[in-house]
Amino acid sequence: MTLRLSDLIDDRPTDGAFRVNRAIFTDPGVFDAEIRRLFEGGWVFLGIESQAAGPHDFFTTFAGRVPVLVQRDGEGTLRAFVNTCPHKGARLAQVRQGNARLHVCPYHSWTFDSAGRNKAIKWQKAGCYAEAFDRDDHGLKPLPQFANYRGFLFGSVAGEVTPLGEYLGEATKLLDLVADQSEDGLELVPGQVTFTYEANWKLQLENCSDAYHFTSAHPSYIRVLERRQKEMSGDVVASVWENSDYWKEEAEGVGGGSYSFANGHVLNWGVFGITPAIPLYERAGELAERHGEGKRDWMFNMRNVTIFPNLQIAENASSQLRVIRPIAPGLTEMRTWCIAPKGESAGARRQRIRQYEDFFNPTGMATPDDTVSYENCQIGFAGTVEPWLQGYARGMTASVAGGNRFSDRIDLQPERSVLADSQLCDETLYHAYYRAWAARMAGEFEA
Ligand code: FES
Ligand SMILES: [Fe+2]
């Protein structure tokens, strides 16, 4: 069956209709096009600069199917290479992260330095190579595009892309809210988790922005929090929810809201207030002095940021960075880290890590509920008797063009915004994902 874009996304703003066809989560042709057009056809997030902080440090990742090596050389220059040996294509660096002056290919021992230059071809002199071979560059191929926004590293397999700053647009200000929490920037807390779930990558994309599921999918977590509030008042893990004003109509009746930006980046947020339950509390005064109260208050808001298509940063009682890697229509790999401002006190770091384990880790009390829900959706997507999904309609009449008094506080200019009470749970921010998706996929399907 030949698919048309209008068969996949039913976007009719004048009729107040926005529906998504289940096929976009299951169809192998759609998945293949997503890999080529989104993950190998434009900017994707690669990692954080602190993953390769010192001379010769490196880490590996993927841009779509393309294996990537991000490597710092001895002089401090950071580069991204395609992680494949020019000899017969073997993946060169095998581990997630490390330190190497030289990479020796495990297949035939061609050797490369940390600047990607070929340093040795085994038995070259005896190899009876022709001159044409000698004229070739035997070094590693740089990734066609590589850029660093304040320690957030992005790359593109496609060479012709808009500059990163333009691609991120206003969403740079959301990354600033993370990067500016310390004068020295941010770092990944040592340790990381990789897990897979048997469902489409866009379920993770959507769920980060999904306030609607929280009380439904996480009842056991909420029960534990309630019990702690009664029994363990003062405990660092319990206290953020105890002090949370998010669901209590703060800020003149507004609990939070959502912002959508060009190119599919979105933010949903809630008011927490300046509370000691947030590890940043020790810096509350200093941050207000350095950045002003508006920006400081935003750093204390609950914020779920998606940088389309593969980076999510969630900050509430703790802080998580997630990288989404689609493997098959029904299989996704997640790599997750706790992120933190550099130089925070041992007490704040402890609090951040404990709260991280509690909520974010796959062994915690929330993430398994989410991944099971994604897998349930993937099973349910086979029910194509009615192909159209109805989960994109909440907030339709609340969504307005431009920002509001909250975005104004940090001169943030979204394309659209919604102000919400505790039950609105906007679903129009997904429209930003799928409009960016549709724009990037145009030409792939019949008109
Ligand atoms: S594939 Fe790397 S040396 Fe042969
Ligand atoms: Fe959840």
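Residues numbered from 1 in each chain as written. Chains lettered and ligands numbered in written order. Predicted model: local features only at pLDDT ≥ 70, side-chain atom pairs only at ≥ 80, totals over all residues. Heavy atoms only, no water.

### A closer look at the overall build of the protein chain
- Across its full length, the protein chain holds 16 helices and 23 strands.
- In terms of C-alpha radius of gyration, the protein chain reaches 23 Å, essentially the compact-globule figure of 22 Å for 447 residues.
- With the C-alpha coordinates aligned to their principal axes, the bounding extent of the protein chain is approximately 80 × 55 × 40 Å.
- The buried share among the 447 residues of the protein chain stands at 55%.
- Considering only contacts in the protein chain between residues 6 or more positions apart, those separated by 24 or more positions represent 66%.
- Treating the 46 positive side-chain charges of the protein chain as one cloud and the 58 negative ones as another, the clouds have centres 5 Å apart. (Helix = DSSP H or I, 4+ residues; strand = E, 2+ residues; numbered from the N terminus. Rg over C-alpha atoms; globule rule 2.2 N^0.38 Å. Buried < 20%, exposed > 50% of the residue type's maximum accessible area, 1.4 Å probe, protein only. Contact = heavy atoms within 4.5 Å. Lys, Arg positive; Asp, Glu negative; His and termini not counted. Charge placed at Lys NZ, Arg CZ, Asp CG, Glu CD.)

### Quick notes on the confidence of the model for the protein chain
- For the protein chain, per-residue confidence averages 93 on the pLDDT scale, and 95% of positions sit at 70 or higher.
- Scored below 50 in pLDDT, residues 236-250 makes 42 contacts in the model with residues more than four places away or belonging to other chains. (pLDDT = per-residue confidence, 0-100.)

### Looking at the coordination of the iron ion (ligand 2)
- Coordination sphere of the iron ion (ligand 2), protein contribution only: His213 (NE2), His218 (NE2), Asp370 (OD) and Asp370 (OD), at 2.1 to 2.5 Å.
- Here the donor residues for the iron ion (ligand 2) map to a single chain with the spacing H-x4-H-x151-D. Pair noted here: His218 is in the loop between α7 (214-217) and α8 (219-231) and Asp370 is in helix α14 (residues 367-380), with a separation of 152 residues, a long-range link. (Donors = N, O, S within 2.8 Å, 3.2 Å for Na, K, Ca; no water.)

### Comments concerning the side chain of Ser319
- The residue Ser319 is located in strand β19 (residues 319-328) in this model.
- From its side chain, Ser319 meets the backbone oxygen of Ile339 in a polar contact 2.5 Å long.
- In this structure, Ser319 is in contact with Ala314, Trp337, Cys338, Ile339, Arg352, Tyr356 and Phe360, ignoring residues within four places of it in sequence. (Polar contact = N/O pair within 3.5 Å; in protein donor to acceptor, adjacent residues only side chain to side chain.)

### Re the pattern of salt bridges
- Applying the stated criterion to the full structure yields 31 salt bridges.
- Salt-bridge contacts for Arg435 lead to Asp11; the nearest nitrogen and oxygen are separated by 2.7 Å. You can see Arg435 sitting in helix α16 (residues 429-441) and its partner Asp11 sitting in strand β1 (residues 9-12), a full 424 residues away along the chain.
- For Arg435, a relative accessible area of 35% corresponds to the partly exposed category.
- Three or more residues are tied together by salt bridges with common partners; here these are Asp10, Arg12, Asp15 and Arg19. (Salt bridge = Lys/Arg side-chain N within 4 Å of Asp/Glu carboxyl O.)

### Let's talk about helix α13 (residues 346-359)
- Between its terminal C-alpha atoms α13 stretches 20 Å, which fits the 20 Å expected from 14 residues at 1.5 Å a residue.
- Inspection of α13 places Ala348, Arg349, Gln351, Arg352, Gln355, Tyr356, Asp358 and Phe359 among the buried residues, and these make up the whole buried set. (Expected span 1.5 Å × (residues − 1).)

### Here we look at the sheet that holds strand β5 (residues 66-72)
- A sheet is described by the order of its strands in space; here 4 strands give the open sequence β6-β5-β4-β7, paired in antiparallel fashion. Both edges of this open sheet fall to β6 (78-82) and β7 (97-99), since each of them pairs with a single strand only. Taken pair by pair, the neighbouring strands of this sheet meet at an average axis angle of 25°, ignoring direction. (Pairing = 2+ DSSP bridges. Axes fitted to C-alpha atoms, helices over the stretch in contact; angles between N-to-C directions.)

### Some details on the domain arrangement of the protein chain
- Domain boundaries in the protein chain define domain 1 (44-148) and domain 2 (170-441).
- Spacing between the C-alpha centres of domain 1 and domain 2 amounts to 35 Å.
- Each partner contributes residues to the interface: domain 1 has 9 residues there, and domain 2 has 14 residues.
- Of all residues in domain 1, Phe45, Ile48 and Arg96 bury the most surface against domain 2, accounting for 52% of the area lost on that side.
- Seen at the junction of domain 1 and domain 2, the total is 0 salt bridges.
- Where the side of domain 1 that touches domain 2 is concerned, the elements lending two or more residues are β3 (44-48) and β4 (57-63).
- In terms of residue class, the side of domain 1 that touches domain 2 is made up of 4 nonpolar, 4 polar and 1 charged. (Domains from an automatic or database assignment. Buried area = accessible area lost by both parts, 1.4 Å probe. Nonpolar A, V, L, I, M, F, W, Y, C, P; charged D, E, K, R; others polar.)

### What to know about the pairing of β3
- Most of β3 sits inside the fold, with 5 of its 5 residues counted as buried.
- In the sheet, β3 pairs with strand β12 (residues 152-156) via 4 bridges, with the strands oriented antiparallel. Counted as the bridge partner of Val44 is Gly155 from β12.

### Focus: the environment of Tyr197
- Its place among the elements puts Tyr197 in strand β14 (residues 193-197).
- Measuring from C-alpha to C-alpha, the distance between Tyr197 and Val372 comes to 8.1 Å, with 175 residues separating the pair along the chain.
- Filtering out sequence-adjacent residues up to four positions away, Tyr197 remains in contact with Leu203, Gln204, Gly330, Leu331, Thr332, Met334, Thr371, Tyr374 and Glu375.
- In this structure the side chain of Tyr197 is engaged in a polar contact, spanning 3.4 Å, whose partner is the backbone nitrogen of Gln204.

### Examining the UniProt feature "domain: Rieske" (unreviewed entry) in the protein chain
- According to UniProt, the positions carrying the feature "domain: Rieske" (unreviewed entry) are residues 43-143.
- Along residues 43-143, the helical share is 5% and the strand share 36%, with 11 Å between the first and last C-alpha atoms. (UniProt positions renumbered as here; feature names shortened; annotations may be inferred.)

### As for the packing of aromatic side chains
- On inspection of all chains with the given rule, the structure shows 20 aromatic pairs.
- Aromatic pair Phe45 and Phe154: ring centres 5.4 Å apart, planes at 70°, arrangement edge-to-face. A residue pair is termed long-range when its members are at least 10 positions apart, and Phe45 in strand β3 and Phe154 in strand β12 qualify at 109 residues.
- A relative accessible area of 1% places Phe45 in the buried class. (Phe/Tyr/Trp six-rings, centres within 6.5 Å; stacked < 30°, edge-to-face > 60°.)

### Concerning the sheet that holds strand β8 (residues 102-104)
- Across the sheet, which stays open at both edges, the 3 strands sit in the order β8-β9-β10 with antiparallel pairing between neighbours. With partners counted over all chains shown, the strands left at the sheet margins are β8 and β10 (118-120), one partner each. Ignoring which end each strand starts from, the neighbouring axes of this sheet average 35° apart.

### Quick word on the side chain of Thr60
- Structurally, Thr60 can be placed in strand β4.
- Since its relative accessible area comes to 10%, Thr60 is described here as buried.
- Among the polar contacts made by the side chain of Thr60, one reaches the main-chain carbonyl oxygen of Val95 at a distance of 2.8 Å.
- The residues touching Thr60, leaving out its near neighbours within four places in the chain, are Val68, Leu69, Asn83, Ala93, Val95, Arg96 and Arg335.

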